[in-house]
Amino acid sequence: MTASPALQASAATASPWADPLIVTVAPNGAYKQPADHPAVPITPATLATTAKACLDAGAAMLHMHIRDAQGRHSLDVEGYREAQRVVRQAVGDAMVIQITSEAAGVYQAPAQIAMVEALQPEAVSIGLREVDKPEIGEAGLQRFFTGLARHRTMVQVILYDVPDLHRWQALRASGVVPDAPWFLLFVLGRYSAGQTSSPRDLLPFLNAHEGTEPWAVCAFGAAENACVAAAAVFGGHARVGFENNLLCKDGSRAPDNTALVHQAVEAGIALGRPLATAADIRQRFGAA
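Reading guide: rules and limits
Residues numbered from 1 in each chain as written. Predicted model: local features only at pLDDT ≥ 70, side-chain atom pairs only at ≥ 80, totals over all residues. Heavy atoms only, no water. Buried < 20%, exposed > 50% of the residue type's maximum accessible area, 1.4 Å probe, protein only. Helix = DSSP H or I, 4+ residues; strand = E, 2+ residues; numbered from the N terminus. Pairing = 2+ DSSP bridges. Right-handed = clockwise from strand over helix to strand, strands pointing away. Axes fitted to C-alpha atoms, helices over the stretch in contact; angles between N-to-C directions. Contact = heavy atoms within 4.5 Å. Disulfide = S-S within 2.5 Å. Parallel < 35°, antiparallel > 145°, perpendicular 65-115°, else oblique. Left-handed = near helix turned anticlockwise from the far one by under 90°. Nonpolar A, V, L, I, M, F, W, Y, C, P; charged D, E, K, R; others polar.

1. Focus on the pairing of strand 7 (residues 154-159)
In terms of residue burial, strand 7 counts as a mostly covered element, since six of its six residues are buried. Burial of strand 7 is two-sided: the residues Met-154, Gln-156 and Ile-158 facing one way and the residues Val-155, Val-157 and Leu-159 facing the other way are all buried. By the bridge criterion, five bridges tie strand 6 (residues 123-127) to strand 7 in an arrangement that is parallel. Residue pairing in the sheet places Val-124 in a bridge with Val-155 of strand 7. Here strand 7 runs beside strand 8 (residues 183-188); their pairing, made up of four bridges, is parallel. Of the residues in strand 8, the one forming a bridge with Gln-156 is Phe-183. Assessed by its sense of winding, the connection that carries the chain from strand 7 through helix 7 (residues 162-174) to strand 8 is right-handed.

2. Section: the sheet that holds strand 9 (residues 215-219)
Strand pairing in a sheet takes place through backbone hydrogen bonds and is either antiparallel or parallel in direction. Reading around the circumference, 1-2-5-6-7-8-9-10 is the order of the eight strands in this closed barrel, with parallel pairing throughout. The sheet shows a mean angle of 25° between the axes of neighbouring strands, direction not considered. Relative to strand 1 (residues 23-25), helix 10 (residues 257-270) is tilted by about 165°, and along the sheet it contacts strand 1 and strand 10 (237-240).

3. Thoughts on the side chain of Ser-101
Relative to the assigned elements, Ser-101 resides in the loop between strand 5 (96-100) and helix 4 (109-119). Those residues in contact with Ser-101 that lie beyond four places of it in its chain are Leu-75, Gln-112, Met-115, Val-116, Val-124, Ser-125, Ile-126 and Glu-130.

4. Section: the pairing of strand 9
Across the five residues that make up strand 9, a large majority, five, are buried. The alternating pattern of strand 9 places Trp-215, Val-217 and Ala-219 on one face and Ala-216 and Cys-218 on the opposite face, and all of these are buried. In this sheet, strand 9 lies alongside strand 8 in parallel orientation, the contact comprising five bridges. Note that in strand 9 the partner of Leu-184 across the bridge is Trp-215.

5. What about the state of the cysteines?
Scanning the entire structure with this criterion turns up zero disulfides. We note that Cys-248 lacks a disulfide partner, and the nearest cysteine sulfur, in Cys-54, lies 13 Å from it.

6. Description of the packing of helix 2 (residues 44-57) against helix 10
Contact geometry of helix 2 with helix 10 gives a least axis separation of 9 Å together with a crossing angle of 20°. Classified by the angle their axes make, helix 2 and helix 10 are roughly parallel. Of the two possible hands of crossing, helix 2 and helix 10 adopt the one that is right-handed. In this structure, helix 2 contributes Thr-50, Ala-53, Cys-54 and Ala-57 to the contact, and helix 10 contributes Asn-257, Thr-258, Val-261, His-262 and Val-265. Across the contact of helix 2 with helix 10, the residue classes break down as five nonpolar, four polar and no charged.

Right under this line is the structure:
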């Protein structure tokens, strides 16, 4: 890891109150291809190699996308099972494997929900606006989220803007979404020109966030690391990786996902945030 054990211990001792920083790596996403960067992993084997390297760098959770035989985005249940098996061989229990349910213009809400319910993963990310559809309705949302809570699935709810956050709050207040240890992801700058982000993009989310749910950020472009540092200052967590960004903080092309994890780890430790382990995450979110 970039940060020595002594440095981590020093940070934890200096700030015993600090919430351990959850660093998640999102190494490929639904669209990136090796043509975009040769280190984009799209097979179970390359996902496993990337996961192990990022674990060694300080990431405790992997945000997993899988691809079909043509390299296209897939939510195939058996494909996920195989990828999880291969990655688990590489990292053991030292990493939480979070699968995506992203539509990516390919899937509709019923298919996304059916995949999650069939797979019953340890952890999953769910774009609220993707499943909050008329064909699902609030009754369907209640059944889905209640089932996830019952199975103790670690759920990260993806929110693209403040209206998404307000909708989440309304669903929580009405009881459609039950009480459970939910985890939010604030997407910074998703719809700005060139998909770039700024730490300033976090402020509207912070102003609107009235709940107690822990949250993380993901960001686009060379300011990804500055956004991560801003999140760490305010008690949030970090998702970094090639899904959203191929650049180091100096604007140079990152050699691999590990370089982006190193940056996030260094920012967190510099701010007195010890690193969360997979065991910390499972304990916090009640994952089975």
